[in-house]
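Spelled out, the chains give:
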Amino acid sequence: MGLDQYIEIEVVHQTVNTKKRRAVTERRDETLAYFRKENFIQKFFEDKYEVPDDERVPITKEDLQELADLCERVMNKFEEWDGAKEALDSDDYVEPPKRIQDYADELLPTCDGFFFGSTDYDNWYFNDVKDVRDTVREILQEVEDTYEVEDADNYQLFYRAWW
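Presented here is an overview of the structure given in this document. (Residues numbered from 1 in each chain as written. Predicted model: local features only at pLDDT ≥ 70, side-chain atom pairs only at ≥ 80, totals over all residues. Heavy atoms only, no water.)

**Some points on the sheet that holds strand S3 (residues 57–59)**
To be explicit about the condition: Note on pairing: two strands pair once DSSP finds at least 2 bridges between them. The way it works is that DSSP assigns letters per residue, a run of H or I at least four long becomes a helix, a run of E at least two long becomes a strand, and they are numbered from the N terminus. Structural elements are reduced to axes, namely lines fitted to C-alpha atoms, with helices fitted over the stretch in contact, and the angle between N-to-C directions of any two is expressed from 0 to 180 degrees. Two residues form a contact once any of their heavy atoms are found within 4.5 Å.
Taking strand neighbours across the sheet as the criterion, the four strands line up as S2-S1-S4-S3 in an open arrangement whose pairing is antiparallel. Each edge of the open sheet is held by one strand with a lone partner, namely strand S2 (22–36) and S3. Pairs of neighbouring strands in the sheet enclose a mean axial angle of 30°, with direction left out of account. Inspection of the sheet shows strand S1 (residues 4–17) paired to S2 by 14 bridges, in the antiparallel sense. Its bridge partner being in S2, Asn 17 is matched across the sheet by Arg 22. Running over the sheet, helix H1 (residues 39–46) touches S1, S2, S3 and strand S4 (155–162) and is turned about 120° from S4. Across the sheet, helix H2 (residues 61–79) lies against S1, S3 and S4, angled at about 55° from S4, the strand it touches most.

**Re a nonpolar patch on the surface**
Here is the rule we go by: Exposure above 30% relative accessible area and no salt bridge define the residues that can form patches, which grow by joining like charges within 9 Å and nonpolar side chains of Val, Leu, Ile, Met, Phe, Trp and Tyr within 5 Å. Surface accessibility in these figures is a Shrake-Rupley result with a 1.4 Å probe; residues are shielded only by whichever protein chains are displayed. Within this document, salt bridges are pairs made up of a side-chain nitrogen of Lys or Arg and a carboxyl oxygen of Asp or Glu, the two lying within 4 Å of each other. Any residue under 20% of the maximum accessible area for its type is buried, any over 50% is exposed, and the rest in between are partly exposed; the area is computed with a 1.4 Å probe on protein chains only.
Together, Met 1, Phe 114 and Phe 115 make up an exposed nonpolar region whose accessible area comes to about 370 Å². Within the secondary structure, Met 1 sits in the segment before S1. Its relative accessible area of 63% is what places Met 1 among the exposed residues.

**Notes on the environment of Phe 126**
Looking at where Phe 126 falls in the secondary structure, it is placed in helix H5 (residues 123–150). The class for Phe 126 is buried, based on a relative accessible area of 0%. As a C-alpha pair, Phe 126 and Pro 96 span 30 residues in sequence and 9.6 Å in three-dimensional space. Those residues in contact with Phe 126, other than ones at most four positions away along the chain, are Val 74, Met 75, Phe 78, Leu 88, Pro 96, Ile 100, Ala 104 and Tyr 121.

Below you can see the structure in the form of structure tokens.
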């Protein structure tokens, strides 16, 4: 049990069946990313939308860009700390300075919930922020390179969380 989170895309592709002289609509769903207990993502989307349990919530590329930008800003502040690299590499609990934790709490706060994971601003939180930043950047590139080229405006991004 826990907070399982997905970034998904639905692609609608329309073609014309020339023999039957009618349009054919094909829908394809794809999971672009899976996260587990990254509760700051949940908080980010809850601040923007109503996020019911296990229902797809339409989101935009701009939402994903904002999330990536917030992750980048949090990581930039974290990396100002001399102990950042060692903390990210550590398997032990490492708590960064309070000013960095406060900055993260202001920009990309955690949220609690039943089995949502830790709400601490520790090395695991910052590793998660880094991973989310990198994954969301990859998603944005994939959407731009693939879906906007092939399917133009015929796609919709979604956030879905199950807990």
